[in-house]
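# Examination of the molecular architecture
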Amino acid sequence: MTVGRKAWNRVEEFLGTTSFEGFTSDDLFIMNFIKKGWGQDIAALSNMAEAVHLRYQAGSIDQEHAMILMRQIVRRAVHKSVSPYRSRIEAVNDLGAYGYYLEHLNITLGLACAVGVREFKDLNLRISEHLHHQSMMQDNAHARLIPHIKMRWSADQSAILKSLWLCDQNHQSDFHSAPAERWLNHMISEMTHADTGLFETEAMRVKSYSRQPRGCSHSYMVHYMSSFAPEVANAQWQLFKEHMCEHRMGLTGFREYLLSYEGKWTPDSGPIIGGIGVAATGLALKAAYSLGDQEMHASLKRSVDRVLTVFQATKSIPGIGILTSIGTDVLASAIYSNATLAVSKL
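The present account deals with the structure reproduced in this document. Each chain has its residues counted from 1, following the order in which its sequence is written. The model is predicted, so local features are restricted to residues of pLDDT at least 70 and side-chain atom pairs to those at 80 or more, both for listing and for counting; the totals for chains, interfaces and linings are taken over all residues. Each side-chain value is derived from all of the structure's non-hydrogen atoms; neither hydrogens nor water enter the calculation.

Here we take up the overall build of the protein. The helix and strand tally for the protein stands at 13 helices and 4 strands. Radius of gyration: C-alpha atoms only; globule rule: 2.2 Å multiplied by the number of residues to the exponent 0.38. Scaling as 2.2 N^0.38, a compact globule of 346 residues should have a C-alpha radius of gyration of about 20 Å, and the protein matches this with 19 Å. Based on the C-alpha atoms only, the size of the protein along its principal axes is roughly 55 × 50 × 40 Å. The rule is simple: take the accessible area with a 1.4 Å probe, protein chains only, and divide by the maximum for that residue type; under 20% is buried, over 50% is exposed, in between is partly exposed. Here the protein holds 346 residues, and 58% of them are scored as buried. Within the protein, contacts between residues separated by at least 24 positions form 66% of all contacts whose residues are at least 6 apart in sequence. For the protein, the computed accessible surface area is about 15400 Å², with 53% contributed by carbon and sulfur atoms. When charges are tallied, Lys and Arg are placed among the positive residues and Asp and Glu among the negative ones, while His and the ends of the chain are skipped. For this purpose, a charge sits on NZ of Lys, CZ of Arg, CG of Asp or CD of Glu. When the 34 positive and 34 negative side-chain charges of the protein are each reduced to one mean point, those points stand 5 Å apart. Only runs of H or I of at least four residues qualify as helices and only runs of E of at least two qualify as strands under DSSP, and these elements are numbered from the N terminus. Here, two residues are considered to be in contact whenever any of their heavy atoms come within 4.5 Å of each other. In this description, accessible areas are obtained by the Shrake-Rupley approach with a 1.4 Å probe, and a residue is regarded as covered only by the protein chains that are shown.

Here is the structure:
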């Protein structure tokens, strides 16, 4: 069985169970260390939605199956174990400063609608209106992501804008245009790294790496921008390859930090080996797919497949499996599944 088939099977198996009481450490690598999952639960679900939508578009699953899977994704996304709200989201009066959760939920709702699941239209429009307002009210064009947390990642704002763009595509609204224009202007004028031209990572300047480009952030940002700002996304992708791509011992990967900056790994980056970031490289595969960069996609896929083959072969070995699950959990499987289908169509 191929690496890609195993990854997609992992996603389908997770969504195939009718009972769901929350993610476990068997589902998400990070929950072996951080019990709340650092938001990777909702991120995994939005990546699953992208994978389902991609397969539906490519004709590898039919509409009925796509709709069944999407409804399971949405059901999990609004579950009390994933949602930050104490009540069902439909009963929440003020959606508040939960931009991170809402960006991924809204992407999921938009993609569900795109495959024919129409019953969440009102919620999709309500969240989009809220995220539009949250984005426009900020001087730096970055909506708040988590209450009481000052940090705001540029990658997350690009995900917010992608979710608004999806809503506009489905419902003939126009939530994304104004905040996208403001955000792009701010990124170009205030958050462009002087030495490389790459967009910087964090808008509030509260972290030591805020003014640095970061691999995991940039890969995600380019992927989301490819929908609502494809020309800017492609320009950033070319700079990303120039300054942060590495080729070593037959493998291709992306740095988490520039060679000139000494940074440490975080839960977002995953392990960093010789400067190469696990998350940066895996997400770069997704970005290459989104931008149609066949050469880079093929090079990254060969490298990722070699590593994942080892991970999949050793995940049942006591003491090793917990580490190799970083490449085989449902988040990694969902990311891989929406970055590797129908490569010949790029």
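Another aspect to go through is the pairing of strand 1 (residues 245-248). Two strands form a pair only when DSSP identifies at least two bridges running between them. Bridge count for strand 1 against strand 2 (residues 251-254) is 4 bridges, and the pairing is antiparallel. Across the sheet, residue glutamate 246 finds its bridge partner in strand 2, namely glycine 253. Taking the residues that link successive antiparallel strands as the turn, the strand 1-strand 2 hairpin has 2 residues, and the phi of methionine 249 there is positive, at about 50 degrees.

The next thing to look at is the environment of valine 115. Inspection of the secondary structure puts valine 115 in the loop between helix 4 (99-114) and helix 5 (121-136). Overall, valine 115 belongs to the buried group, its relative accessible area being 1%. Here the alpha-carbon distance between valine 115 and glutamine 172, two residues 57 residues apart in the chain, equals 16 Å. Those residues in contact with valine 115 that lie beyond four places of it in its chain are His53, Tyr56, Gln63, Ala66, Met67 and Met70.

Each aromatic pair joins two rings of Phe, Tyr and Trp (for Trp, the six-membered one) with centres within 6.5 Å, and gets the label stacked for planes under 30 degrees apart, edge-to-face for over 60, and tilted for any other angle. Scanning the model with the defined rule gives 13 aromatic pairs in all. An aromatic cluster is present here, built from Phe14, Phe20 and Phe23 joined pairwise through their rings. In this scheme, Lys NZ or Arg CZ marks a charge over a ring once it lies within 6 Å of the ring centre and within 35 degrees of the ring normal. The ring of tryptophan 8 carries arginine 55 above its face, with NZ or CZ at 4.4 Å from the centroid.

Glycine aside, negative phi is the norm for most residues, and most peptide bonds take the trans geometry. At histidine 148, a position not held by glycine, the phi torsion is positive, near 70 degrees. The topology assignment puts histidine 148 in the loop between helix 5 and helix 6 (154-171). Phi at glutamine 172 is positive, roughly 55 degrees, even though this residue is not glycine. Here glutamine 172 lies in the loop between helix 6 and helix 7 (177-190). Note on glutamine 172: relative accessible area 67%, which makes it exposed.

With that settled, the discussion passes to helix 4. Here, expected helix span is obtained from the residue count minus one, scaled by 1.5 Å. Compared with the 22 Å implied by 1.5 Å per residue over 16 residues, the 22 Å span of helix 4 between its first and last C-alpha is a close match. Taken from the residues just after helix 4, glycine 116 is the one with a positive phi, measuring 115 degrees.

Next up on the list: the packing of helix 6 against helix 8 (residues 215-228). Geometry is summarised by axes, namely lines fitted to C-alpha atoms with helices restricted to the contacting stretch, and by angles between N-to-C directions that run from 0 to 180 degrees. Packing of helix 6 against helix 8 leaves a shortest axis separation of 8 Å and a crossing angle of 25 degrees. When the interaxial angle is binned, helix 6 and helix 8 end up roughly parallel. Regarding helix 6 and helix 8, the two cross each other, and that crossing is left-handed. Contacts from Ser154, Ala155, Ser158, Ala159, Leu161, Lys162 and Trp165 in helix 6 reach Ser217, Tyr220, Met221, Tyr224, Met225, Ser227 and Phe228 in helix 8. Taken together, the residues of the contact of helix 6 with helix 8 sort by class into 9 nonpolar, 4 polar and 1 charged. Roughly parallel refers to an angle under 35 degrees, roughly antiparallel to one over 145, roughly perpendicular to one between 65 and 115, and oblique to any angle outside these ranges. By the definition used in this description, the sense in which the near helix is turned from the far one sets the handedness, with an anticlockwise turn below a right angle giving left-handed and a clockwise turn giving right-handed. For this scheme, ten residues count as nonpolar: Ala, Val, Leu, Ile, Met, Phe, Trp, Tyr, Cys and Pro. Four count as charged, namely Asp, Glu, Lys and Arg, and the remainder, Gly too, count as polar.

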